Amino acid sequence: MNGSAPAPAEWDAEHAVHAAEAADLVGAQFPALAGAPVEPLATGWDNTVFLVGGRWIFRFPRRAIAVPGVEREIAYLPGLAPHLPLPVPVPELAGRPAGGFPWPFWGARHLPGRELVDAGLPDARRTVAAAGAGAFLRALHDPRLVEEAGAGLPRDPLRRGDPSVRVPMARERLERLAGQGLWEPDEAVTDLLAEGARLGASADRPVVCHGDLHPRHLLVGEDGRAAGVIDWGDLCLADPAVDLSLAYSAFTGPARSAMLSAYGPVNAERELRARVLAVFLCAALAEYAASIGHMAMCRETLTGLRRAVGG
């Protein structure tokens, strides 16, 4: 008796670009890079990234849902970058659909550094990275930046700053993780989500937000310092809590204190919103990481669930 095929995972590619296709697309549209070596650099839910010629990164959507984010990166990152104290990718080479590839793509100068999830830094050695992240978010969340470089951005389109939306989604993820034996239900997480579920959308003035700031998107250098912030496909206007979730997913103890000290005051309601989103993002990433066998990411994000409810 034949079983039915498993349902596709939500992160499965609709069009997976491989190195040869990327080389053809880049070489045809940017002749100066024709023949340059093309190496896979990173793959996420929505995009595949290649290193071209050792100096350029090219970012290709994997799913149609990612295309508006790619278009926002092309439109907004060049204007945002000069205002920020850490490097961000600046699309200089905007590619168009061609040769059977249906979506726009872009190229930017390669930023050195490693994703925090891959850096292997213990919590006790994250203080300088956390301080850099806090200063970065203070600059990004400056209200003046909305008019200077962020006018026209959508307002929290995924409703990540609304715990009444994210709490049920987090509970579903945690239930699946528990069913896979990856997560032991934790009363502190249960209580946090119950408290957060009473909050609706924020009434505070929105600021420019990265929108998806978690330990994969913070780069750190060999010295442990924050080196850059990548993957801006969810760039939007939102409550600052959407980005401050990083303080609770990636840092704890003195490191978290360093981040928040560099950032500035965070009231109790904003902290609760940030902690709820940290739980959701860590649960989602842990599920993804386990499915693709990325054990470093799985360990980091399961630890992040504990950080999100701790001091």
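Parameters at a glance
Residues numbered from 1 in each chain as written. Predicted model: local features only at pLDDT ≥ 70, side-chain atom pairs only at ≥ 80, totals over all residues. Heavy atoms only, no water. Axes fitted to C-alpha atoms, helices over the stretch in contact; angles between N-to-C directions. Helix = DSSP H or I, 4+ residues; strand = E, 2+ residues; numbered from the N terminus. Parallel < 35°, antiparallel > 145°, perpendicular 65-115°, else oblique. Left-handed = near helix turned anticlockwise from the far one by under 90°. Contact = heavy atoms within 4.5 Å. Nonpolar A, V, L, I, M, F, W, Y, C, P; charged D, E, K, R; others polar. Buried < 20%, exposed > 50% of the residue type's maximum accessible area, 1.4 Å probe, protein only. Arc of directions from axis to C-beta. Expected span 1.5 Å × (residues − 1). Phe/Tyr/Trp six-rings, centres within 6.5 Å; stacked < 30°, edge-to-face > 60°. Lys NZ or Arg CZ within 6 Å of the ring centre and 35° of its normal.

**Q** Explain the packing of helix H6 (residues 163-179) against helix H7 (residues 187-196) to me, using residue names and the numbers behind them.
**A** Their axes nearest at 9 Å, the elements H6 and H7 cross at an angle of 155°. Between H6 and H7, the angle falls in the class roughly antiparallel. Read as a crossing pair, H6 and H7 show a hand that is left-handed. Between H6 and H7, the contacting residues are Pro163, Ser164, Val167, Ala170, Arg171 and Leu174 on the first element and Val189, Leu193, Ala194 and Gly196 on the second. Residue composition of the contact of H6 with H7, grouped by class: seven nonpolar, two polar and one charged.

**Q** Quick rundown of helix H9 (residues 253-263)? Include the residues and the values.
**A** Within H9, the full set of buried residues consists of Ala255, Arg256, Ala258, Met259, Ala262 and Tyr263. Viewed along the axis of H9, the buried residues span an arc of 155°, placing them on a single side of the element. For H9, the exposed residues set more than 90 degrees away from the buried face come down to Pro254 and Ser261. For H9, the secondary structure elements touched by its buried residues are helix H4 (127-140), helix H8 (241-249), helix H10 (268-292) and helix H11 (295-309). A positive backbone phi angle near 125° is found at Gly264, which sits one or two residues after H9.

**Q** Go over H10 with me, naming the residues and quoting the values.
**A** In an α-helix, one turn spans 3.6 residues, which is why side chains three or four residues apart end up on the same side. Across its 25 residues, H10 extends 36 Å between first and last C-alpha, which sits within 8% of the 36 Å expected from 1.5 Å per residue. Burial within H10 is extensive, with 19 of its 25 residues counted as buried. Where H10 terminates, the next one or two residues include Gly293, which has phi positive at roughly 75°.

**Q** I'd love a proper account of the packing of aromatic side chains, names of residues and values included.
**A** Within the structure shown, the criterion is met by 12 aromatic pairs. Relative to Tyr288, the ring of Trp11 has its centre 5.3 Å away and its plane inclined at 70°; by these criteria the two rings are edge-to-face. Note that Trp11 is positioned in the segment before helix H1 (19-29) and Tyr288 in helix H10, a separation of 277 residues in sequence. For Trp11, a relative accessible area of 10% translates into the label buried. With a centroid separation of 5.6 Å and an interplanar angle of 85°, the aromatic rings of Phe60 and Phe101 are classed as edge-to-face. With Phe60 in strand S3 (residues 56-61) and Phe101 in the loop between strand S4 (93-95) and strand S5 (105-109), the pair connects residues that are 41 residues apart, well separated along the chain. For Phe60, a relative accessible area of 0% puts it in the buried group. Taken together, the aromatic side chains of Phe30, Phe50, Phe58, Phe60, Phe101, Trp103 and Phe105 make up a single cluster linked through ring pairs. Looking at Arg166, its charged tip hangs above the ring of Phe280, at a distance of 4.5 Å from the centre.

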